[in-house]
Amino acid sequence: MREFMTGNHAVAHAVRLCRTPLIAAYPITPQTPIYEKLSEWEASGVIKGIMMRTESEHSAMASCIAASLTGVRTFTATSSQGLALMHEMLHFAAGCRTPVVMANVNRLLAAPWGFWADQLDSLSQRDTGWIQLYCENGQEALDSVIQAYKIAEQVFLPVMISLEAFFVSHFMEPMEIPDQEGVDRFLPPMNLPHQFDMEKPGFLVPVVSSELYRKYKHMAQTSMDSVKEVAVRVDHEFKATFGRGYGIIEPVMMEDAEVVIVTAGSITSTARVAVKALREQGHRVGLLKIRYFRPFPREAIQQALRGKKKIAVIDRNNSVGGGGIFCQELRAALVHSPDHPLTYSYIAGIGGTDVTPEVIQGIVFDAINRTGPVDESIWIMEE
Amino acid sequence: MVRFESMKICAESFELVIPISYGSTEVIDTGTWGFQKPETIFMTAPCEEACPAGNPIARFIYLAGDGQYGAALETILKENPFPGVCGRVCSHPCESGCNRNQYDDAVSINALERYVFDATVDRSPELHSVPNSDPKKIAIVGAGPAGLSCAYFLALMGHKVTLFEARQELGGVLRWGIPEYRLPKSVLKKEIGRILGLGIEIKTGVAVGKQISIEALNRFDAIFLSPGAGRSIPLGIEGENLAKAWRGTDFLQRINSGEKVRVEKEIIVIGGGNTAMDVARSACRLGSSVTVAYRRTKKEMPAIADEVEEAEQEGVRFEFLVQPVEIKLLKNRKIRVKFQRMRLRKTSRDKRPRPIPVKGSFVMLEADRLITAVGEGVDLSWIPQALSAKGFIKSGPSLVTEGSRIFAGGDAVDQQRSVVTAISSGKRAAISIDLSLRGQDPEEVFSKIRIGSKETLSMETYLNGRERGNWGEPKGVVVYDQINTLFFKPSERMWGERIDQSKALKGFLEVHTGLSSEGARLSASRCFSCGTCNYCYNCYFFCPEGIVSFDPVDRMRRVDLDHCKGCGTCSRACPRHVIEMRLIS
């Protein structure tokens, strides 16, 4: 069914279609419409589960973890400060190997205060052990939530779906809502091997020895390593069922490209327009969309960028003192590549500033004109 | 060092993705980490301290609120043999002491006491008696609230009591003074029956000093004198012995003995106490139009405030600041009372202001009849002179008189006069007699069985330590600041029901019909339960260690001290100050 709606409501539809019986959340702009839509559906009986209105995001995540361990699908949505408050529980969710799925609407972190798009909130949670993916638009957010459950419930790791504030969360687009039957077929009931057994009460998160701790962290790493393969398979199945697929990365017009723009999230869609225009002007420009950030699709990226001369990574985020985070990860992934390309880091769109096709063209020309390496990130500062 | 082996992380859990322990963290004695421990300290509620009879108010209200009316009745009966009477006629000083006064409004304690009696009127409660291997013979003279209470408690302690009563029926002021519309005879009968059921020998129609001499009572091991104060005090002015002037106590006695008293249209009642109110309201019921004349103002009236208010509602008029100086019979058979106009002069802070005459200012009132009720005196004609002083039988704090083995209490001794103080002195005398006969000093023991810091004694505490001859120290009283009011919501005080005024004035039907069952439930739920655990489970829910438990059978609160870190959360979460943290020595 095709419907005109926002990215937030697209996420809510996905949660409904996955028949998630436990939703625990706390409202925060710009995520609140997800919370409101699910609340409304709970009240009217459209969704059958329980919507817990917790007193904080920390509690929301704690509730999801506990519920997940009883063997049910869980969902929460948050943003920015809420995600930051959740931080401690994010480690618990991953450490307890719970397949919790969360939508995070990327919003800048205070201070100063603001509500605008910026990926720093979720990227700050890089090392919590969550699978992370970044969505280009509402449709992808909807589809990614459904895919996320299928992946999470195979590898027992939580998944964070990120969509940018307003550009995705509030923009309305025509979207395809999968039918319930199809989703039911695609997504089998959840089966958690370590779910609580009422017949055999146990205590979770006991103190363990150093060796045991290491063992479980290694197991988590092994599981995370397997995600790339699982994610590709799930994406293929999804495409076969619903006709849409995204890959873990997406190379666009990469053949013969001399400069490759690398993006994640909503800037990708603008970049598609900019690249097309540049191609029409005769410039050999390509685009690489990175969808998965954790696990970082190292091999796929290495392969996609093999033989490229120049790379321009656009980051709507900045690690103060470190630069654009996607670029850092990409540089690390390419460090052993033969003929290591010149990799430029551009900071654009911070704090929700607009990244127009012209801005992207400017970045491409800047990269074309450069001859030597630049270590620092280059800030795009036009008004 | 944490003992990992005790955690028993299962071999099979290695196959799982996370560690699960099927052992218990109880092996870690976290209780050794703290420096303080919670202690359950049952404390005294301020209402209990304020009640002269020492009613275990917090406990009985908890039981009533839980619907356990039988247990609530038995709880009151440990300290007070007259819940049905007190629930109707008590001046309820408890409610003035209620901590809830500082929050919104006092709990309806008096009405709840009555409800507990009314709800259990068909039941036979179990009374808390103790065995006695050396029972003594005790004579009690006068079967009013003091004498009956003394008899009750002595009988509970296994003594052999003989009750001498000059009249044909027991009850004293409850039977002959208080009118039926305030205290139905059926209620009194029920309560006296319960007391007599303990095996008390009664000798009615035997006036000591007439039918037998006081010396004849020497064959008893101890004597308690509680003859009451039944004689109206004369005004001491010209004309008061006219046939048109009656004494209030005589008037009430005639009504209470069932006599069809005829009274004229216009009545003047002189006095401001409960007797004056009883007289005025009784006269209203006999069809009279009544004016009460009192020498101070309404504020200073010794009568229970509710009684004054109800008298006003029933049409009684008041003439304040007047003192009679002369009574004359007029030719038209009316009487004229000349009153001196008075004004008040402030005295020291605690005392009532004194009325003093306004020179040359008089008020004349005419009526068909005058009834005086300016106080009651004690008939001391049969009391040996050595035992009396200033119109009273003389007794000390332990109620012992100058006579050997003779004790005295109730309205005949110099103490505040009310039903509940009479009950209190009956209890005090019973304990005093028991201790004296056991060769112990009553006053020394009194200081240990007090309820709070006032004079009231706890029979339950006394009996608990009696066998051992050893009592602890009195418990502290919970003050308002110790109540965690965050756990309460303001709520409206509940009032009992009343019959229609038109119906009330047609006869002597009881005016108050008490709380509805819903009213009782709501009233009980308003109680802070100061110092008494009412199983609110706050400590259980708030304990971060999960080590507070309640036994489902005896509902005892237990704390696993081996795992209590002494954080004090339970103590702060307790709304009623039942838990205090104590440093580990």
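Residues numbered from 1 in each chain as written. Chains lettered and ligands numbered in written order. Predicted model: local features only at pLDDT ≥ 70, side-chain atom pairs only at ≥ 80, totals over all residues.

A closer look at the overall build of chain A
- Of the regular secondary structure elements, chain A holds twelve helices and 16 strands.
- In terms of principal-axis extent, the alpha carbons of chain A reach across some 70 × 50 × 45 Å.
- For chain A, the residues scored as buried account for 50% of the 383 residues in total.
- For chain A, the proportion of contacts with a sequence separation of at least 24, taken over those separated by at least 6, is 81%. (Helix = DSSP H or I, 4+ residues; strand = E, 2+ residues; numbered from the N terminus. Buried ≥ 20, exposed ≤ 12 C-beta atoms within 10 Å, placed from the backbone. Contact = placed C-beta atoms within 7 Å.)

Considerations on the overall build of chain B
- Counting its secondary structure elements, chain B contains 19 helices and 24 strands.
- Along the first, second and third principal axes, the C-alpha atoms of chain B reach 115 × 55 × 50 Å.
- Residues counted as buried form 46% of the 585 residues belonging to chain B.
- Excluding contacts between residues fewer than 6 apart, the proportion of contacts in chain B whose partners are at least 24 apart in sequence is 70%.

Here we look at the packing of helix 1 (residues 7-17) of chain A against helix 2 (residues 32-44) of chain A
Residue and element names in this part refer to chain A.
- At a minimum axis distance of 8 Å, the contact between helix 1 and helix 2 shows a crossing angle of 40°. With respect to helix 2, the axis of helix 1 lies oblique. Our pair here, helix 1 against helix 2, has a crossing hand that is right-handed. Along its contact with helix 1, which presents Asn8, His9, Val11, Ala12, Val15 and Arg16, the element helix 2 presents Pro33, Ile34, Lys37, Leu38 and Trp41.
- Residue composition of the contact of helix 1 with helix 2, by class: seven nonpolar, two polar and two charged. (Axes fitted to C-alpha atoms, helices over the stretch in contact; angles between N-to-C directions. Parallel < 35°, antiparallel > 145°, perpendicular 65-115°, else oblique. Left-handed = near helix turned anticlockwise from the far one by under 90°. Nonpolar A, V, L, I, M, F, W, Y, C, P; charged D, E, K, R; others polar.)

Overview of the sheet that holds strand 6 (residues 222-225) of chain B
Residue and element names in this part refer to chain B.
- Read across the sheet, five strands follow the order 5-4-3-6-19 without closing on themselves; strand pairing throughout is parallel. Lying at the two open borders of the sheet, with one neighbouring strand each, are strand 5 (201-204) and strand 19 (406-408). In this sheet, adjacent strand axes meet at a mean angle of 20° when their direction is disregarded.
- Pairing geometry for strand 3 (residues 137-141) and strand 4 (residues 160-165), over five bridges, is parallel. Bridge pairing links isoleucine 138 to valine 161 in strand 4.
- Lying over the sheet, helix 13 (residues 419-437) contacts strand 3, strand 6 and strand 19, oriented at roughly 165° with respect to strand 6. (Pairing = 2+ DSSP bridges.)

A closer look at the interface of chain A and chain B
- Listed by partner, the interface residues are 16 residues for chain A and twelve residues for chain B.
- Elements supplying a minimum of two residues to the side of chain A that touches chain B: strand 9 (203-204) and helix 8 (210-242) of chain A.
- Broken down by element, the side of chain A that touches chain B gets its largest block of residues, three residues, from helix 8 of chain A.
- A breakdown of the residues in the side of chain A that touches chain B according to their chemical character gives eleven nonpolar, three polar and two charged.
- In this sheet, strand 1 (residues 20-21) of chain B lies alongside strand 9 of chain A in antiparallel orientation, the contact comprising two bridges. Bridged to leucine 204 of chain A within strand 1 of chain B is isoleucine 20 of chain B.

Observations regarding the nonpolar core
All names here are of chain A.
- Within the largest apolar cluster, 113 residues are counted, with the highest numbers of intra-cluster contacts made by Val11, Val145, Ile161, Ile261, Val262, Ala312 and Val313.
- At nine residues, the largest contribution of residues to this core is made by helix 6 (residues 138-155).
- Among the domains, domain 1 (2-242) and domain 2 (249-379) are the pair contributing at least three residues each to this core.
- Contacts of isoleucine 261, omitting those with residues within four sequence positions, involve Ala271, Val275, Val285, Leu287, Ala312, Ile314, Ile360 and Val364. (Core = buried A, V, L, I, M, F, W, Y, C linked by C-beta atoms within 7 Å. Domains from an automatic or database assignment.)

Digging into the domain arrangement of chain B
Residues and elements named next belong to chain B.
- With domains assigned, chain B is organised as domain 1 (24-42 + 533-583), domain 2 (49-125 + 477-494 + 505-525), domain 3 (137-230 + 378-446) and domain 4 (232-376).
- Domain 1 and domain 2 are separated by 30 Å when their C-alpha centres are compared.
- Its residues assigned to classes, the side of domain 1 that touches domain 2 shows two nonpolar, three polar and one charged.

Here's the deal with the sheet that holds strand 3 (residues 50-53) of chain A
All names here are of chain A.
- Reading across from one edge, 3-2-4-5-7-6-13 is the order of the seven strands in this open sheet, with mixed pairing throughout. The open sheet is flanked by strand 3 and strand 13 (292-294), the only strands paired with a single partner. Between one strand axis and the next, the sheet turns through 20° on average, direction left out of account.
- Inspection of the sheet shows strand 6 (residues 131-134) paired to strand 7 (residues 159-164) by four bridges, in the parallel sense. Among the inter-strand pairings, leucine 133 is bridged to a residue of strand 7, identified as isoleucine 161.
- Sheet contacts for helix 3 (residues 57-68): strand 2 (22-25), strand 3 and strand 4 (74-79); angle to strand 4, the most-contacted strand, approximately 160°.
- Across the sheet, helix 6 is in contact with strand 5 (101-106), strand 6 and strand 7; its angle to strand 7 comes to roughly 170°.

Quick notes on unusual backbone geometry
- Of note, the amide linkage connecting threonine 29 of chain A to proline 30 of chain A takes the cis form, showing an omega dihedral of 0°.
- Structurally, proline 30 of chain A can be placed in the loop between strand 2 and helix 2.
- Of note, the amide linkage connecting alanine 110 of chain A to alanine 111 of chain A takes the cis form, showing an omega dihedral of 5°.
- Here alanine 111 of chain A shows up in the loop between strand 5 and helix 5 (120-123).
- Phi is positive for histidine 92 of chain B, close to 35°, though the residue is something other than glycine.
- Here histidine 92 of chain B shows up in the loop between helix 4 (83-89) and helix 5 (93-97).
- Owing to 23 C-beta atoms within 10 Å, histidine 92 of chain B belongs among the buried residues under this scheme.
- Even without glycine at this site, tyrosine 535 of chain B takes up a positive phi of about 55°.
- Inspection of the secondary structure puts tyrosine 535 of chain B in the loop between helix 17 (517-525) and helix 18 (538-542).
- Given 14 C-beta atoms within a 10 Å radius, tyrosine 535 of chain B is considered partly exposed.

Observations regarding helix 11 (residues 274-285) of chain B
Residues and elements named next belong to chain B.
- For helix 11, spanning twelve residues, the distance from its first C-alpha to its last is 16 Å, which sits close to the expected 16 Å at 1.5 Å a residue.
- Counting buried residues along helix 11, eleven of its twelve residues qualify, which places the element largely inside the surrounding structure.
- For helix 11, the elements touching its buried residues are helix 10 (248-256), strand 9 (266-270), strand 10 (289-294), helix 12 (305-313), strand 15 (369-372) and strand 16 (376-377). (Expected span 1.5 Å × (residues − 1).)

Here's the deal with the domain arrangement of chain A
Residues and elements named next belong to chain A.
- As far as domains go, chain A holds domain 1 (2-242) and domain 2 (249-379).
- The distance between the C-alpha centroids of domain 1 and domain 2 comes to 27 Å.
- In this assembly, 27 residues from domain 1 lie in contact with 19 residues from domain 2.
- Looking at the side of domain 1 that touches domain 2, the element that brings in the most residues is helix 8, giving five residues.
- Class assignment of the residues belonging to the side of domain 1 that touches domain 2 gives a composition of 17 nonpolar, four polar and six charged.

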